[in-house]
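What the coordinates show
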Amino acid sequence: AKTLEREFGLRQLYIKYEGDNPTGTQKDRIAFAQVYDALRRKYKVVSLATCGNYGVAVALAANLAGISCKIYIPETYHTDRITEMEGLQAEIIRLPGSYEDVVVQSSVLAKENRWYDANPGGSNTPLQITAYSQIAYEIYEDLGDAPKYCAVPVSNGTLFAGIYRGFVNLYKRGKTSGIPKMIAASS
């Protein structure tokens with residue numbers, strides 16, 4: 001961060017590193033929240049579509065919880081994370097179409113088979129946003145206030161919305177002096 005501050009003439013640049021999570025991404029936050037929700041609601045199978053990171057996170061959470069995990073991946077996508085998913089006992093199913101097509105198909109299959117639909121941005125969006133809001137609380141704990149700006153990768157929007165919600169909640173509770181200006185970035 002100090003090098004970037006010098007290079008770009010910035011002051012007080014902080015970076016929130018999510019690489020120490022079990023699978024190395026922020027996706028663990030929603031994966032564990034959703035698998036816990038699936039257990040609480042007595043589902044035996046959790047399913048989702050992924051391009052890689054999220055699938056590994058759900059596969060790990062499901063494996064630890066002792067429930068089955070079905071992961072749908074577009075036929076044309078290739079990722080080294082498939083080996084990790086398989087090592088965590090997830091069933092990998094390749095489907096034709098774009099990522100968005102595969103998400104829709106996996107949600108339909110989850111509904112038809114009464115599986116827990118863990119797709120981001122679906123019916124579990126409020127749960128995902130709540131899980132991601134924890135990042136704002138961690139930033140607040142480290143800084144003692146909200147930053148002036150907060151840049152976040154967007155993906156499907158749940159990470160961005162969750163962090164924003166966390167800062168709004170902190171501000172409403174009088175914990176911070178303001179809500180950061182949120183900067184949407186490409187992941």
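Here is a short report on the structure shown in this document. (Residues numbered from 1 in each chain as written. Predicted model: local features only at pLDDT ≥ 70, side-chain atom pairs only at ≥ 80, totals over all residues. Heavy atoms only, no water.)

1. Details of the packing of helix H2 (residues 27-40) against helix H3 (residues 53-65)
This is how the line gets drawn: Axis geometry follows a simple rule: fit a line to the C-alpha atoms, using only the stretch in contact for helices, then measure angles between N-to-C directions, giving values from 0 to 180 degrees. Helical segments are the DSSP runs of H or I of at least four residues, strand segments are the runs of E of at least two, and each set is numbered from the N terminus. Here the angle decides the label: under 35 degrees means roughly parallel, over 145 means roughly antiparallel, 65 to 115 means roughly perpendicular, and every other value means oblique. Here a crossing is called left-handed whenever its near helix is offset anticlockwise from the far helix by less than a right angle, and right-handed whenever the offset is clockwise. Contacts between residues were defined by any pair of non-hydrogen atoms, one from each residue, lying within 4.5 Å.
At a closest axis distance of 8 Å, the pairing of H2 and H3 adopts a crossing angle of 40°. Viewed along their axes, H2 and H3 adopt a mutual orientation that is oblique. The hand of the H2/H3 crossing is right-handed. For the pair formed by H2 and H3, the contact residues are Lys27, Asp28, Ile30, Ala31, Phe32, Gln34, Val35 and Leu39 on the first element and Asn53, Tyr54, Ala57, Val58, Leu60, Ala61, Ala62, Leu64 and Ala65 on the second.

2. Details of the nonpolar core
The condition is simple: The nonpolar core is taken to be a set of buried Ala, Val, Leu, Ile, Met, Phe, Trp, Tyr and Cys residues, with the residues joined through side-chain atoms within 4.5 Å. Only protein chains enter the area calculation, which uses a 1.4 Å probe; residues under 20% of their type maximum are buried, those over 50% are exposed, and those in between are partly exposed.
Grouped together as the largest cluster of nonpolar side chains are 38 residues, with contacts concentrated most on Val46, Val58, Cys69, Ile71, Ile163 and Phe167. Elements supplying a minimum of two residues to this core: H2, strand S1 (45-49), H3, strand S2 (68-74), helix H4 (81-87), helix H6 (125-143), strand S5 (149-153) and helix H7 (158-172). The element that contributes the greatest number of residues to this core is H3, accounting for eight residues. Discounting residues that sit within four places of it in the chain, Cys69 has contacts with Val46, Leu48, Val58, Ala59, Ala62, Ala90 and Glu91. Residues Val45, Val102, Val103 and Ala110 belong to the second largest nonpolar core, which totals nine residues.

3. A look at the pairing of S1
For the record, the criterion: The pairing criterion is simple: DSSP has to find at least two bridges between the two strands. Orient the strands so they point away from the viewer; a crossover is then right-handed if the path from the first strand over the helix to the second runs clockwise.
With respect to burial, S1 is a largely interior element, five of its five residues being buried. Covered by surrounding structure in S1 are Val45, Ser47 and Ala49 together with Val46 and Leu48, the residues of both alternating faces. Sheet topology note: the S1/S2 ladder contains five bridges and is parallel. Looking at the pairing, Leu48 lines up with Ile71 of S2. In this region the chain leaves S1, passes through H3 and returns to the parallel neighbour S2; the handedness of that crossover is right-handed. One ladder, built from two bridges, connects S1 with strand S4 (residues 116-117); its direction is parallel. Paired with Ser47 across the strands is Asp117, a residue of S4.

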